[in-house]
Amino acid sequence: MVASASIKMDELLTTWLGSDAVYESVMRVIENLKAESATNANSNSNLHVSTSTAGGDVLTTVDGRPPLSPKLSIKQQQVAKKRPEIPPFFRPKIADVHVEHDNPQNPPPTPPKRRVGSSFADDQTWDGIYMTNREGGGGGSGGASAAAGGDETISKLTTHEYDSIATVDGAATPGQQLQQPQPCIAIRARELFQELGVYPSALDTVSEGLPPNLSTILYQYERNRSESTYHSEKDDMRIVPMERFERITKELCNFPTFFHKPLYDRILLLWERYISSQNIKLPSLPMVTFGMFHYFWDTEMAPYDKDERFFRLIKQPSRDYITRDDFFPYIKELLSDHPGLEFLSDHAEFQDKYAVTVITRIFYSVNLCHSGRITVRQVRKSDLLSVFQQVDEEEDINKVTKYFSYEHFYVLYCRFWELDHDRDYKITREDLLKYGEHSLSHMIVDRIFDAAPRPFESVDENGNVVKPSRDYLTYEDFIFFMLSEEDKANEYSARYWFSCVDVDGDDRLNNMEMRSFYAVQLHRMQCMGHEVVPFEDMLCQMMDMIKPANSDYLVVEDFLQPHCSQVAGALFDALFNVNKYVCFEQRDPFLERQKREDEFDTDWDRFACIDYNRLAMEEEQREEEAMEVDWVTMDEEEDSDEYNSLGLSGSSEAPF
């Protein structure tokens, strides 16, 4: 205990001595001593013996010896006994850059540490407390003075050492200065609210269908401004209707445009909870004011980076994870907002299926543990936010191949529809055996139903987790299966199939397990007339390609090595997909080279494009056949009318 206390005191002493203010005080004392020594040396340069009167005593100094310390008077001794002022520990470093009107005693606080890939280049606090006293900076009165100064304040902008240039991905670049610093969030928000919003008295001119008691609620807010910190001024009562909230969502919050309605509802919900928790005697307001947006920014935006803002908006406020249902409001807004999905406006059933497909694909790629709950750490490790931004800016929905492509949804749903003959939205073992022209072995189909990861777990009325049924595959389960089957060159697929092939569940794939799966393949290759490859030869070839850490068994990390990205799936195909394994054995090197140089990023993108073209051609053929049938029917009806007009028609009933 004593040793730890002494170590702590040493650390505090080191920190105190490392302070700039302490360093300046010590240097000042040293300079004063040097100056006094130089003065004494000059006064004694011509004397061998000097006299010094201090307090009436005479001190004699012999030449060649250092002078004695003079005796001080009682008053001087009292002054000398006073200890110098010790600066506080951990005083923030004062910026070296000179900023006009800065107070050296109140330097800007140290900005919070942000993650490099998800942080912002400019200050995200409401009043710009890290921006010193440039436009909107300095906190408190700084924002108000900057707002009042107008163009004069803008002309006096200065940079600060904490500022950095905004890059394309929005990440901060340390050590570089902002060329065009933006005003603080408070000023930017006030400008947008002045442009898009109105005062309560003019609200009926910009929005229709207002609640009948809205005027009464607004009157209570204006009358009791002292009750709410965020509605103390007149401008705090400016209201922006939901239909005008898109620019605030995109420009200030950096969310996709189609997030504006869920964001609007979340602000109202959090404000209602705030006034309830603080016992503020104000009713809940059905429209967002400037003061409410100020509260939302202080609590949900300023303390967090981009990924965590996105995470906190999607999830429910009472949870620390994202569930499947949390995404539905945002996908619903995408369906009604995106021009590439406008043709689905009259097909509500397919809108629901598209939303389910997008959400399931998100969980397939982001939620690697397949728990049905996405955490903030998983959001940080994924590209989820950037893909949402991409789909917001891209007019062609099919160019966003991650999660949102309609062509990919079409392929997934049509494949499911082809196998689901009884139309109960459930795939049985017999149905799945027909997939890919019966390419899968019955052994792997059984393992898919028994051990493959399922995307979502259901919850009963008591909140208990209910494991999904293993007797059939739902549409979401089929999406997991098909994505893993058609693209085995990624981490998600490798984990999916490894869990299926690992029969004993020891996280190791041994020779006995692989031999049992390959025995079924040997029998199928013999029946189909293909050349039979012995198990030992196949295993030796696969081991040479994968290069596992241990030659006695395989672990899932062996399939995730960089050099295994394109060959790891070959082992799984050899164990349970006879058609793909035969294609692998008979592959053409020229076609393989073309495949590596084509425009597709993944095997799934390539497969989806080919299969969509196939399905489109089949649909066109069906339409042409239907048109031919219609033309034949019309010709028969015309002949029948002509026959009847001649009076040659008989009874309308069949003769038998």
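Definitions and cut-offs
- Residues numbered from 1 in each chain as written.
- Predicted model: local features only at pLDDT ≥ 70, side-chain atom pairs only at ≥ 80, totals over all residues.
- Heavy atoms only, no water.
- Helix = DSSP H or I, 4+ residues; strand = E, 2+ residues; numbered from the N terminus.
- Buried < 20%, exposed > 50% of the residue type's maximum accessible area, 1.4 Å probe, protein only.
- Contact = heavy atoms within 4.5 Å.
- Areas by Shrake-Rupley, 256 points an atom, 1.4 Å probe, with all protein chains shown as cover.
- Core = buried A, V, L, I, M, F, W, Y, C linked by side-chain atoms within 4.5 Å.
- Patch = residues over 30% accessible without salt bridge, like charges linked within 9 Å, V, L, I, M, F, W, Y side chains within 5 Å.
- Salt bridge = Lys/Arg side-chain N within 4 Å of Asp/Glu carboxyl O.
- pLDDT = per-residue confidence, 0-100.
- Lys, Arg positive; Asp, Glu negative; His and termini not counted.
- Phe/Tyr/Trp six-rings, centres within 6.5 Å; stacked < 30°, edge-to-face > 60°.
- Lys NZ or Arg CZ within 6 Å of the ring centre and 35° of its normal.

**Student:** So what's going on with the overall build of the chain? Residues and values would help.
**Tutor:** A tally of regular secondary structure across the chain gives 27 helices and 8 strands. Every one of the 656 residues in the chain was classed for burial, and the buried ones make up 39%. Counted over contacts in the chain with a minimum sequence separation of 6, partners at least 24 positions apart contribute 64%. Carbon and sulfur atoms provide 51% of the accessible area of the chain, an area that totals close to 37900 Å².

**Student:** Could you give an account of the nonpolar core, with specific residues and numbers?
**Tutor:** Counting residues in each nonpolar core, the largest one holds 140 residues, and the members touching the most others are F293 and F404. Those residues in contact with F404 that sit more than four places away from it in its chain are I331, L334, Y354, V358, R361, V387, F388, V391 and I397.

**Student:** Now, about a nonpolar patch on the surface: what can you tell me, with residues and values included?
**Tutor:** Taken together, Y23, V26, M27 and I30 make up a surface patch of nonpolar side chains, about 350 Å² in accessible area. For M27, the position within the fold is in helix α2 (residues 20-43).

**Student:** I'd love a proper account of the confidence of the model for the chain, names of residues and values included.
**Tutor:** Looking at the chain as a whole, the pLDDT averages 76, with 68% of positions reaching at least 70. Under a pLDDT of 50 for its full length, residues 45-77 has, in the predicted model, 23 contacts with residues more than four places off or in other chains. Confidence over residues 79-105 falls short of pLDDT 50; this stretch has 26 contacts with residues more than four positions distant or in other chains.

**Student:** Can you tell me about the side chain of E333, naming the residues and giving the values?
**Tutor:** Looking at where E333 falls in the secondary structure, it is placed in helix α12 (residues 324-337). No salt bridge is formed by the buried E333. Its closest oppositely charged neighbour is K261, at 4.1 Å. Dropping the residues within four chain positions of it, E333 is found in contact with F258, K261 and P262.

**Student:** Describe in detail the packing of aromatic side chains, supporting the description with residues and values.
**Tutor:** Enumeration over the complete set of coordinates arrives at 52 aromatic pairs. When the ring of Y435 is compared with that of F481, the centres are 5.1 Å apart and the planes differ by 75°; the resulting orientation is edge-to-face. Separated by 46 residues along the polypeptide, Y435 in the loop between α17 (429-433) and α18 (442-451) and F481 in helix α19 (residues 475-486) bring together distant segments of the chain. Judged by its relative accessible area of 3%, Y435 is buried. When the ring centre of W297 is taken as origin, the NZ or CZ atom of R309, which lies over that ring, is 5.0 Å away.

**Student:** Give me the pattern of salt bridges: which residues, what numbers.
**Tutor:** A side chain of one charge can pair with a side chain of the opposite charge if their charged atoms are brought near each other. Per the stated rule, a full pass over the model turns up 24 salt bridges. Residues R380 and D305 are paired through a salt bridge, measuring 2.6 Å at the closest nitrogen-oxygen approach. Taken together, the residues R380 in helix α14 (residues 376-381) and D305 in the loop between α10 (290-301) and α11 (306-314) connect sequence positions 75 residues apart. Where E485 meets K488, a salt bridge forms, and the shortest distance between an N and an O atom there is 3.1 Å. By relative accessible area, K488 is classed as buried at 8%. Through salt bridges with shared partners, a single ionic network connects E485, E486, K488, D573 and K580.

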